[in-house]
Amino acid sequence: MKKAFTLISLCAATASLASAAVVRIEAGVSLPGSPTVSVNGLGNLVIDGDATLNSSDQYILTEITYVTNGTLTIPAGTIIRGEQTTGANNDPGALVITRSAQIDAQGTAANPDILTTAALDTNSNGLADRVGGNDAITSADFVEFGGGNDENDFLDIDPLNSPLGPYFGWDTADRYTSPLAVLEYRGMWGGLIICGNAPTSISEINGGILTASSLADGVSAPSQIDDPFEGFIEGIAPGVSGELGVYGGRNPHDSSGSLRFVSIRHGGSDIGDGNEINGLTMGAVGAGTRIEFVEVYCNADDGFEWFGGRVNCKNLVAA
């Protein structure tokens, strides 16, 4: 009887492994409980409706992805990976929760949700695979996950049990080496951005109530900026994101959802002109949002950055 139970358990485990997949989030892909991932009129990749990810699968953010309505639910133990900026396009894998949406990421201490790099290392040399075949040429794009790859090809192969170190090289004599002279495992994808509807002081920063010709974060504000508390979030180009990149409003108790036991690693891609994506960016996030037990590790820009809002965070750590 005991042997039969063991065999049944083994078969169940095998079936579970077989059902796991690596899902590239791109146009045309269907997520559980959600309409098909689509491209809006501005060319932005959007998840427009409730979606619940599968913790046994791994997900790749192929570009900046906006959750525009409903709730994105991320069960404990889910791994989400982001791709590098490709060529001259400022499109790193990143996740943006817009003002009209929420996130429900409920990891645990033993089984956190992990957001990390999608870089590949198929030859196991500790370097991300690069287009052209020379992994040491850091100006070349990373090779992207394709049909011939599986979860064993990732550079950060087992982020839960064997996290990727902070960098490949270290000058012990100087104790610090310029980022241009040492390969660091950071800036390898974007990050997580949450935009809320809580008040900000942006009207004071910009010298009064914003109009279509006013400045928001150093750029001319189009008609999307029509409230004294509104602005464009750092890390998102206003010219291409439109309303999706706007944060701020008049509801201090606004809720953008929950973020608990989440680890954000190796991100911080710079999309140009010093406009970087932080590990976790919070724009006008309201007091109804729960953010606790979150770490940002090896990010190229700030670990956490707040732009106004009323959210109370606790148990945060950045390295």
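Throughout what follows, the structure given in this document is the object of discussion. (Residues numbered from 1 in each chain as written. Predicted model: local features only at pLDDT ≥ 70, side-chain atom pairs only at ≥ 80, totals over all residues. Heavy atoms only, no water.)

The next subject is the overall build of the protein chain. When you go through the protein chain residue by residue, the secondary structure sums to three helices and 20 strands. Considering only contacts in the protein chain between residues 6 or more positions apart, those separated by 24 or more positions represent 63%. Of the accessible surface of the protein chain, which amounts to about 14200 Å², a share of 53% is contributed by carbon and sulfur atoms. (Helix = DSSP H or I, 4+ residues; strand = E, 2+ residues; numbered from the N terminus. Contact = heavy atoms within 4.5 Å. Areas by Shrake-Rupley, 256 points an atom, 1.4 Å probe, with all protein chains shown as cover.)

In this structure, the second largest pocket spans a volume of roughly 440 Å³. Among the residues forming the lining of the second largest pocket, the class breakdown is eleven nonpolar, seven polar and three charged. (1 Å grid on protein atoms, 1.4 Å probe; cavity = no way out; pocket = protein on both sides within 12 Å on 5 of 7 lines; lining within 4 Å. Points joined across faces, edges and corners; volume = space filled by probe spheres on them. Nonpolar A, V, L, I, M, F, W, Y, C, P; charged D, E, K, R; others polar.)

Turning our eyes to something else, we now look at the nonpolar core. Leu 192, Leu 259 and Leu 280 are the most contacted members of the largest nonpolar core, which totals 35 residues. Non-local contacts of Leu 192, meaning those with residues more than four positions away in its chain, are made with Leu 95, Ile 97, Ile 103, Leu 115, Leu 259, Ile 264, Asn 278, Gly 279, Leu 280 and Thr 281. Cys 195, Leu 244, Tyr 247 and Phe 307 belong to the second largest nonpolar core, which has 15 residues in total. (Core = buried A, V, L, I, M, F, W, Y, C linked by side-chain atoms within 4.5 Å. Buried < 20%, exposed > 50% of the residue type's maximum accessible area, 1.4 Å probe, protein only.)

The tally for this structure, following the rule as stated, stands at one cavity of 30 Å³ or more. Space inside the largest cavity adds up to approximately 40 Å³. Considering only residue class, the lining of the largest cavity consists of eight nonpolar, no polar and no charged.

A few words on unusual backbone geometry. Unusually for a residue other than glycine, His 266 sits at a positive phi of about 65°. Positionally, His 266 belongs in the loop between β16 (257–265) and β17 (280–283). Although it is not a glycine, Ala 284 sits at a positive phi angle of roughly 55°. Here Ala 284 is to be found in the loop between β17 and β18 (290–297). Taking relative accessible area as the criterion, Ala 284 reaches 0% and is therefore assigned buried.

What follows is about the pattern of salt bridges. Counted according to the given criterion, the structure contains ten salt bridges. Between Glu 83 and Arg 24 there is a salt bridge, and its shortest N-O distance comes to 2.4 Å. Placement of the pair is Glu 83 in the loop between β7 (79–82) and β8 (94–97) and Arg 24 in strand β1 (residues 22–25), with a sequence separation of 59 residues. Across this residue pair, the class does not change: Glu 83 and Arg 24 are buried. We note a salt bridge from Arg 186 to Glu 184, for which the minimum N-O separation is 2.5 Å. In the salt-bridge network here, residues are joined through shared partners; they are Arg 24, Glu 26, Glu 83 and Glu 144. (Salt bridge = Lys/Arg side-chain N within 4 Å of Asp/Glu carboxyl O.)

Time to look at the side chain of Arg 81. Positionally, Arg 81 belongs in strand β7. Here Arg 81 sits buried without a salt bridge, and the closest side chain of opposite charge, Asp 156, lies 4.8 Å off (N-O distance). Engagement of the side chain of Arg 81 in a polar contact is seen with the backbone oxygen of Asp 156, the distance being 2.8 Å. Not counting residues up to four positions away in its chain, the partners in contact with Arg 81 are Gln 58, Tyr 59, Ile 60, Leu 61, Thr 116, Thr 117, Ala 118, Phe 154, Asp 156, Ile 157 and Pro 159. (Lys, Arg positive; Asp, Glu negative; His and termini not counted. Polar contact = N/O pair within 3.5 Å; in protein donor to acceptor, adjacent residues only side chain to side chain.)

The side-chain alternation of β8 yields two buried faces, one formed by Ala 94 and Val 96 and the other by Leu 95 and Ile 97. Here strand β6 (residues 64–74) runs beside β8; their pairing, made up of four bridges, is parallel. When the sheet's bridge partners are listed, Ile 64 is paired in β8 with Ala 94. Note: β8 against strand β11 (residues 192–195), three bridges, orientation parallel. In the sheet register, Ile 97 faces β11, and the bridge partner there is Ile 194. (Pairing = 2+ DSSP bridges.)

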